[in-house]
Amino acid sequence: QVQLVESGGGSVQAGGSLRLPCAASGSTYSKYYMGWFRQAPGKEREGVASIGRDGSTAYANSVKGRFTISRDNAKSTLHLQMNSLKPEDTAMYYCAAKNAGTWPGLRSAGYNYWGQGTQVTVSS
């Protein structure tokens, strides 16, 4: 079992940047598939970025070229670097983990551990 704690959210103007860390504890972090998801008010949760055990990555089309997911297995930390932020990026951002089976990619149903979320607000 793993516990996930996100931080780094906040308010930023369009075009700005934020870096979201997710600290993991309680299990062998390197064995987990990891992902970032977001949910805006009135919308379904959507996958933003995912990283496999071997460092392979996947991104939603809406964030490709602007967001970068990375993991530090030595520090049990996941990061999401967000650049060129847009108002439509405003949402609650969640860190997620899966510890068995195949890489679920951007499918939220494939993850079995979730953090509490951190709010990102981008103003125009």
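About the cut-offs
- Residues numbered from 1 in each chain as written.
- Predicted model: local features only at pLDDT ≥ 70, side-chain atom pairs only at ≥ 80, totals over all residues.
- Heavy atoms only, no water.
- Helix = DSSP H or I, 4+ residues; strand = E, 2+ residues; numbered from the N terminus.
- Rg over C-alpha atoms; globule rule 2.2 N^0.38 Å.
- Buried < 20%, exposed > 50% of the residue type's maximum accessible area, 1.4 Å probe, protein only.
- Contact = heavy atoms within 4.5 Å.
- Areas by Shrake-Rupley, 256 points an atom, 1.4 Å probe, with all protein chains shown as cover.
- Pairing = 2+ DSSP bridges.
- Axes fitted to C-alpha atoms, helices over the stretch in contact; angles between N-to-C directions.
- Salt bridge = Lys/Arg side-chain N within 4 Å of Asp/Glu carboxyl O.

A separate point is the overall build of the chain. Scanning the chain from N- to C-terminus turns up 0 helices and 11 strands. Order of helices (α) and strands (β) in the chain, N terminus to C terminus: β-β-β-β-β-β-β-β-β-β-β. For 124 residues, the compact-globule estimate of 2.2 N^0.38 gives 14 Å, and the chain sits close to it at 13 Å. Overall, the C-alpha framework of the chain stretches about 40 × 25 × 25 Å when taken along its three principal axes. Counting over 124 residues, the chain shows a buried share of 45%. Taking the intrachain contacts of the chain between residues at least 6 apart in sequence as the baseline, contacts between residues at least 24 apart amount to 62%. Surface summary for the chain: the accessible area is close to 6000 Å², and the carbon and sulfur share equals 47%.

Taken in spatial order, the 4 strands line up as S1-S3-S8-S7 in an open sheet, and their pairing is antiparallel. The open sheet has two edge strands, strand S1 (3-6) and strand S7 (67-72), and neither has a second partner. Within this sheet the neighbouring strands show an average axis-to-axis angle of 15°, counted without direction. Sheet topology places S7 next to strand S8 (residues 77-82); 6 bridges connect them, and they run antiparallel. Within S8, the residue paired with Phe 67 across the bridge is Met 82.

Let us look at the pattern of salt bridges. A complete count under the given rule lists 3 salt bridges for this structure. One salt bridge in this structure joins Glu 46 and Arg 38, with 2.6 Å as the shortest N-O distance. Relative accessible area serves as the criterion here: at 5%, Arg 38 is assigned to the buried category. Close ionic contact of Asp 89 with Arg 66 constitutes a salt bridge, the shortest N to O distance being 2.8 Å. Of this pair, Asp 89 sits in the loop between S8 and strand S9 (91-98) while Arg 66 sits in the loop between strand S6 (57-59) and S7, and the two are 23 residues apart along the sequence. The two residues Asp 89 and Arg 66 agree in class, both being buried. Salt bridges sharing partners connect three or more residues here, namely Arg 38, Glu 46, Arg 66 and Asp 89.

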